[in-house]
Amino acid sequence: MSVPLGATGKARRVVRQVVRKAVRSGPHEVKVALRAMPVDPDLVVYESFGGNGMLCNPEAIFRALLEDPEQQHLRHVWVLADPTAYASTVAEFRDDPRVRFVRRRSIAYHRALSTAGLLVNNATFPPDWGKRPGQTYLNTWHGTPLKAMGYDEAQGGRGALNVLRNFMMADYLLSTSPFMSERMYEQAYRLVNVAPGELVEVGYPRTDLQFGGEGERERTRARLRSAGVRLAADDTLVLVAPTWKGESFHTPRNDAADLAAMVDELQNRLPSGHRVLLKVHQQVYRFARTEPRLAGRLVPNELPTNAVLGVTDVLVTDYSSIFFDFLSTGRPILFHTPDREEYDGYRGSYLPVEQLPGPQSRTTAELADLVGAVGSGTAPDPLVSHRDRYDAARARFAPKDDGGATQRVLDVVVRGRREGHEVRQTRRDGRRTLMLYLGGMMSNGITSSALNLLRTLDHTAWDVSVVTGPIDNEDRLANAEALDPRVRQFARNGSASMSKTLWVSRRRLMRGQLDRISQPVLEKVDQALEQDWRRIVGAARFDHVVDFSGYSPAWTFLIGHAPAGSHSVWQHNDLLADQLREIGGRRPHFANLQAVFTSYARFDHIVSVSEALREVNARNLSRWAPPEKFVAARNTIDVQRVVSGAAEPAPQEVMDALAPAPPGHDRFVFVAVGRLSPEKNHERLLEAFALARREHPGIRLVVVGDGPLRDELTDRASELGLEGHVLFAGLQRNPWSIMAECQCFVLSSDYEGQPMVILEARTLGLPVVSTSFDSVGSALADGEGLVVERSVPALAAGLAAAAEGRVPRADFDAGAYNAAVVGEFERAIGAVVAPA
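A short tour of the structure in this document, coming up. Numbering of residues starts from 1 in each chain and follows the order in which that chain's sequence is written. This being a predicted model, a pLDDT of at least 70 is required before a residue's local features are given, and a value of 80 or more before pairs of side-chain atoms are given or counted; all residues contribute to the totals for chains, interfaces and linings. The side-chain values count all of the structure's non-hydrogen atoms but skip hydrogen atoms and water molecules.

So, about the overall build of the chain. Going along the chain from the N terminus, every DSSP run of H or I of four or more residues is numbered as a helix, and every run of E of two or more is numbered as a strand. Summing up its helical and strand segments, the chain has 33 helices and 26 strands in all. Its C-alpha atoms put the chain at 100 × 70 × 50 Å along the principal axes. Under the scheme applied here, a residue whose accessible area is under 20% of the maximum for its type counts as buried, over 50% as exposed, and between as partly exposed, the area being computed with a 1.4 Å probe on protein chains only. Counting across all 836 residues of the chain, residues that qualify as buried make up 58%. Contacts are assigned to residue pairs that have any heavy atoms within 4.5 Å of one another. In the chain, once contacts between residues fewer than 6 apart in sequence are set aside, the share between residues at least 24 apart is 72%. Using the Shrake-Rupley algorithm and a 1.4 Å probe, accessible areas are obtained, with residue cover drawn only from the displayed protein chains. Summed over all atoms, the accessible surface of the chain reaches about 33,200 Å², with 49% contributed by carbon and sulfur.

Next up, the structure:
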């Protein structure tokens with residue numbers, strides 16, 4: 001076991017003792033121990049493509065620092081996925097005491113990430129890593145984008161989570177041009193308004209290799225030959241460099257056989273003196289190296305791509321951003337795109353065909369003709385036919401790739417010399433920034449209300465981000481996919497890094513046992529929570545942060561530690577009643593809500609979803625917060641989703657399962673939608689329905705929803721003889737299609753935060769019968785339905801009145817309602833000062 005470079009004597013012994021003790025306790029304790037070690041300002045860590053070699057911009061920066069006379073005090077750690085696979089790289093620096101190699105995900109790797117003063121990556125560090133105070137993070141990325149990226153891809157934000165997280169932690173984001181800064185960083189990854197780091201538009205260090213002299217080019221040819229590549233001194237080198245194919249970066253398609261066939265055919269069609277080599281993307285190199293037909297033609301992965309570009313005479317690519325680098329050579333570029341329509345269908349390109357700086361081919365024969373025309377000086381020659389496009393592309397995409405990019409990067413990042421270099425903050429467009437935690441993302445009223453709010457907010461005035469926990473099942477995934485596409489998504493994976501002692505104190509905090517934690521220990525827990533928040537969003541500061549769930553102390557305390565202008569937490573129910581509610585002889589929410597109440601001291605606004613509920617919570621929870629903190633904002637309704645859902649056919653098996661009405665009676669179907677839990681009191685509904693059936697045998701009931709009481713309620717329905725008359729339809733992703741087939745909506749709750757399902761029923765024009773509870777007036781005013789007492793006879797009478805057509809209904813203006821509610825939301829979080 002080794003220790004950080006530079007540690008000596010007692011420091012080395014202490015480090016060994018700490019790490020050995022942590023190793024015995026497990027991987028988590030190791031990471032905690034390593035993060036407790038001091039940051040070493042003279043240690044630099046480099047990682048390229050997840051440890052896939054010493055490559056790209058990090059390599060160029062590393063070699064420049066190694067040679068810089070002013071930086072000889074620095075020590076360097078390179079991350080490799082498997083050091084034994086890069087033996088020549090390791091051997092090159094075997095005798096240099098300043099350079100070490102570590103295996104990715106090893107203890108040494110985590111130690112390096114925890115203690116390095118400067119971290120350089122061209123992709124991403126793992127989701128469990130977070131930048132510490134005192135560390136500087138330079139993300140160079142690995143190419144100007146041609147393919148759609150981030151939120152511009154079909155999968156959108158879910159596929160961009162760790163990239164966005166890394167960009168948010170970066171102090172510097174390296175850029176080749178304004179195009180890359182604006183199109184990739186600010187647009188595709190939505191860094192506008194929130195990213196705390198700076199854009200450094202100084203060109204790409206890796207392209208400096210393309211400006212080496214003849215000696216450098218001959219060294220590259222020699223390295224190719226030593227790797228088994230057949231290349232004569234006077235060959236015209238044609239480099240075929242396609243991107244990876246498939247719909248997922250992590251599971252690319254194996255097209256090595258197709259590439260081998262194409263390279264074979266191209267070589268055979270070209271005249272003697274041409275040599276065709278293949279350079280594949282990092283993600284598919286493992287496939288290509290096992291394809292026997294590529295022996296002697298495949299460029300080794302460990303050989304820097306830009307060194308190969310420096311000796312390339314003609315570049316052939318498809319959708320790879322490699323051509324942006326090659327622009328600075330002034331040599332011809334050909335685009336071989338036989339699958340253009342297919343590729344555009346699942347990935348897309350930022351450049352239209354008419355802006356590409358070279359001609360396209362669809363067949364290998366066409367490609368061979370284009371290669372053969374190079375140097376002819378007539379129109380088929382790409383540098384003649386596409387000269388204007390080539391020059392425009394070079395000025396737009398590679399204006400700073402001139403052989404001096406590496407030194408400009410070192411000026412800004414290492415030497416602190418910014419004058420004369422393009423360094424700027426990501427753009428701010430004047431919108432207010434809002435971050436919301438949405439809850440567990442399971443299908444329930446909170447998730448539905450959150451999705452509705454995100455669709456209703458004015459995104460021209462609000463820059464909205466959301467954060468969730470892991471999306472780890474089909475239900476959560478379906479709800480995540482229903483998020484408004486205009487929002488920025490973050491995810492919290494893993495947990496806060498803290499010792500076992502602190503973890504015990506955190507556990508007490510999560511159980512509401514604040515009095516059992518000493519102030520010094522509580523301060524350390526606070527620091528760990530602050531670090532955990534930075535692991536999610538970096539050093540970003542939002543104007544407003546909201547815990548829209550309000551049930552999880554892990555999240556209320558985390559949101560409460562977020563740097564922000566205001567902090568708000570939602571209350572969707574009578575929370576004291578929820579805390580004391582029993583299910584199966586247990587109070588499942590007692591401990592977690594007790595802890596949530598203790599977190600209220602960290603919030604500026606405690607928001608109930610109706611005025612009546614605000615009064616209840618302010619009265620019941622006055623021990624935890626003063627009355628002025630309690631405010632109200634109703635939930636919005638997604639009219640389009642409700643109406644479009646209602647237009648879809650209802651599941652036929654649901655409606656067919658209901659018995660027909662007896663002769664002489666019309667069938668009249670009630671529908672109830674909600675979680676099968678105690679506060680909804682479905683047992684009262686079943687008993688009232690059985691009572692009403694005595695006089696109205698044609699009535700039927702569909703219960704949509706699931707929950708802990710399903711078996712108990714199903715048994716109760718059987719006891720009441722309601723088979724065929726009551727149907728438990730279970731959880732439905734589209735309950736509105738069923739509601740649209742029914743004649744009346746019924747709600748039998750003892751209490752609700754705000755009964756949104758009543759508003760959905762009213763949107764569909766259904767009459768509503770509801771029991772009376774404090775917040776029912778937020779959805780059903782006098783004359784807009786029938787509100788009855790919370791008793792079986794009263795509810796039965798209400799059902800009978802509905803069957804007889806005696807329940808009033810009133811038009812519901814959902815647009816006006818939503819406009820009013822958005823105003824309530826903005827006032828509740830302090831974004832708008834409420835009128836005196």
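More follows now that the structure is in view.
Across the 11 residues of helix 17 (residues 405-415), 9 count as buried, placing the element largely inside the fold. Among the residues of helix 17, Ala 405, Thr 406, Arg 408, Val 409, Leu 410, Asp 411, Val 412, Val 413 and Arg 415 are the ones counted as buried. For helix 17, the elements touching its buried residues are helix 3 (56-67), strand 4 (116-121), strand 5 (136-139), strand 6 (172-175), strand 7 (198-201) and strand 13 (422-425). The first or second residue beyond helix 17 is Gly 416, which carries a positive phi of 70°.

All right, on to the packing of aromatic side chains then. Side-chain rings of Phe, Tyr and Trp, where Trp is taken by its six-membered ring, are said to pair if the distance between their centres is within 6.5 Å; with planes under 30 degrees apart they count as stacked, over 60 as edge-to-face, and otherwise as tilted. As enumerated under the stated definition, the model contains 24 aromatic pairs in all. Aromatic pair Phe 62 and Trp 78: ring centres 5.8 Å apart, planes at 90°, arrangement edge-to-face. Placement of the pair is Phe 62 in helix 3 and Trp 78 in strand 2 (residues 75-80), with a sequence separation of 16 residues. A relative accessible area of 0% means that Trp 78 is categorised as buried. Arranged with centres 4.8 Å apart and planes meeting at 80°, the rings of Phe 179 and Phe 397 form a pair that is edge-to-face. Here Phe 179, found in helix 7 (residues 178-188), pairs with Phe 397, found in helix 16 (residues 387-397); they are 218 residues apart in sequence, far enough to count as distant. Just as Phe 179 is buried, Phe 397 falls in that class too. Through successive ring pairs, a cluster of aromatic residues spans Tyr 46, Phe 62, Trp 78, Phe 93 and Phe 101. Between the NZ or CZ atom of Arg 506 and the centre of the ring of Trp 503, over which it lies, the distance is 4.8 Å. We count a charge as sitting over a ring when the NZ of a lysine or the CZ of an arginine lies within 6 Å of the ring centre and within 35 degrees of the ring normal.

Attention now goes to the side chain of Gln 71. Relative to the helices and strands, Gln 71 is located in the loop between helix 3 and strand 2. Here Gln 71 falls in the buried class, since its relative accessible area comes to 8%. Each residue touching Gln 71, except ones within four places of it in the same chain, is listed here: Leu 65, Val 414 and Arg 415.

This paragraph deals with the sheet that holds strand 8 (residues 236-241). Sheets are built from strands paired through backbone hydrogen bonds, the pairs being either parallel or antiparallel. Two strands qualify as a pair provided DSSP detects at least 2 bridges between them. One open sheet holds the 5 strands; their spatial order is 9-8-10-11-12, and the pairing between them is parallel. Lying at the two open borders of the sheet, with one neighbouring strand each, are strand 9 (274-278) and strand 12 (360-361). Pairing geometry for strand 8 and strand 9, over 5 bridges, is parallel. Directly across from Leu 239, in strand 9, lies its bridge partner Leu 277. Of the strands in this sheet, strand 8, strand 9, strand 10 (314-317), strand 11 (333-336) and strand 12 are in contact with helix 14 (residues 364-373), which crosses strand 11 at around 175°. Here, axes are lines fitted to C-alpha atoms. For helices the fit covers the stretch in contact, and angles between N-to-C directions go from 0 to 180 degrees.

On to unusual backbone geometry. One non-glycine residue with positive phi stands out, namely Arg 105, at about 75°. Within the element layout of this structure, Arg 105 appears in the loop between strand 3 (99-103) and helix 5 (107-115). Despite not being glycine, Met 441 has its phi angle at roughly 65°, a positive value. Position of Met 441 among the secondary structure elements: in the loop between strand 14 (432-437) and helix 18 (445-456).

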